[in-house]
Structure formats: C-alpha cells, structure tokens
Amino acid sequence: QVQLVESGGGLVQAGGSLRLSCAASGLTFSNYAMGWFRQAPGKEHEFVAAVSRVGDTTTYANSVKGRFTISRDNAKNTVYLQMNSLKPEDTAVYYCAARRGTVQAMVSSLANDYWGQGTQVTVSS
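Rules of the game
- Here the residue numbers are simple positions, counted from 1 along each chain's written sequence.
- The predicted origin of the model limits local features to residues at a pLDDT of at least 70 and limits the giving and counting of side-chain atom pairs to 80 or more, whereas totals for whole chains, interfaces and linings rest on all residues.
- Side-chain measures were taken over the full set of non-hydrogen atoms in the model, leaving aside hydrogen atoms and water.
- Any two strands between which DSSP finds at least two bridges are classified as paired.
- In this text, helices come from DSSP runs of H or I with a minimum length of four residues, and strands from runs of E with a minimum of two, each type numbered from the N-terminal end.
- Note on geometry: axes are C-alpha line fits, over the in-contact stretch for helices, and angles between N-to-C directions span 0 to 180 degrees.
- Exposure classes here rest on a 1.4 Å probe applied to the protein chains alone. A residue is buried below 20% of its type maximum, exposed above 50%, and partly exposed in between.
- Two residues qualify as a contact provided that any one of their heavy atoms is within 4.5 Å of a heavy atom in the partner residue.
- The set of buried Ala, Val, Leu, Ile, Met, Phe, Trp, Tyr and Cys residues whose side-chain atoms join them within 4.5 Å is what this entry labels a nonpolar core.

Asks: Describe the sheet that holds strand E8 (residues 78–83), and please don't skip the residues or the numbers.
Replies: Within a beta sheet, neighbouring strands are joined by backbone hydrogen bonds and run either parallel or antiparallel to one another. On the basis of which strands lie adjacent, the open sheet formed by 4 strands has the order E1-E3-E8-E7 and antiparallel pairing. The sheet terminates laterally at strand E1 (3–7) and strand E7 (68–73), the two strands that pair on one side only. Ignoring strand direction, the axes of neighbouring strands in this sheet form an average angle of 15°. Where E1 and strand E3 (residues 18–25) come together, 5 bridges link them in antiparallel fashion. The partner of glutamine 3 across the bridge, within E3, is serine 25.

Asks: Would you mind going over the environment of valine 123 in detail, with residue names and values included?
Replies: The topology assignment puts valine 123 in strand E11 (residues 119–124). Judged by relative accessible area, valine 123 falls into the buried class, the value being 6%. C-alpha separation for the pair valine 123 and cysteine 22, spaced 101 residues apart in sequence, amounts to 20 Å. The residues contacting valine 123, other than those within four sequence positions of it, are Val12, Gln13, Ala14, Leu86, Lys87, Pro88, Asp90 and Thr91.

Asks: Could you give me a rundown of the nonpolar core, with the residues and numbers involved?
Replies: Counting 37 residues, the largest nonpolar core has Met34, Trp36, Leu81, Met83 and Tyr94 as its most contacted members. Taken together, the elements giving at least two residues each to this core come down to E3, strand E4 (33–39), strand E5 (46–51), E7, E8, strand E9 (92–99), helix H1 (103–108) and E11. Aside from chain neighbours lying at most four places away, what touches methionine 83 is Gly16, Ser17, Leu18, Leu20, Arg67, Phe68, Tyr94 and Val121.

Asks: Would you mind going over unusual backbone geometry in detail, with residue names and values included?
Replies: The backbone phi angle of asparagine 77 is positive, close to 55°, even though this residue is not glycine. Its place among the elements puts asparagine 77 in the loop between E7 and E8. We note that serine 85 has phi near 50°; this positive angle belongs to a residue other than glycine. Here serine 85 shows up in the loop between E8 and E9.

Asks: Help me get a handle on the pairing of E7, residues and values and all.
Replies: Judged by which residues are buried, E7 turns out to be one-sided: Phe68, Ile70 and Arg72 face inward and are buried, whereas Thr69, Ser71 and Asp73, on the alternate face, are not. As defined by bridge partners, E7 adjoins E8 across 6 bridges and the pair is classed as antiparallel. In the sheet register, isoleucine 70 faces E8, and the bridge partner there is leucine 81. Taking the residues between adjacent antiparallel strands as the criterion, E7 and E8 are bridged by 4 residues, where asparagine 77 takes a positive phi near 55°.

Here it is as structure tokens:
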C-alpha cells in the first residue's frame, strides 16, 4: 500500500519560513517524479513545485519562484519543500504527489499516481 505522509505545516507570520516534508512508503521512490501542490479555500488545486526522479531537475510555479525550494532524499524516501518569505496568499493545504513521468507532466496535469493527505499552511499578515 502506497502512502505519502506530509508534515511540517503550521501557522507562521508573513515573511517567515516553513519546511514541509513528505515521507513515501510502499513504492520505489526513485522511479517517481515528486511534486507539491496546494489548494486554498474556494480555489482549485494549484501546482507549486516538482523535482525529477534523481533530483537533477526542478520546476516551480511563477508565484513561488525564488522563495520556495524543492528537494528530495532518495535514501530516505522523502521530498521536501523549503518555503521562505511566506505571504498570506501562500495560505493553503499543501499536498505532495508522486508521478511516473517528468516534472513537466506534473506542471501540466493533476493526474498524478499518488497523493498525500495534505498539511495546512497558514500565513498571517
């Protein structure tokens, strides 16, 4: 049974930082591109960032470029999202996802193979 378990969310003031983690089990982690998505209240799921299977390629949404950094540790089956200079508009439930394919596929489609349950990030002004 595949599980993706996010952690690290919470309440932070604008300008602050958080680091999200997503621990994967039940799959061959290095076979999957990994990504982070978010959903704000009343809005659709939105792509945030993705990293390739071996970690050599990353891509970001324009709204987070320069503030967020995605990385992965294949020895620990974990993907991370370092979020700096947080803004109130970053408030959302953040989900990690796994996909057999490229990071560009994660940008263009929500049809990922597996999803986590989400972790809440709230940024106060």
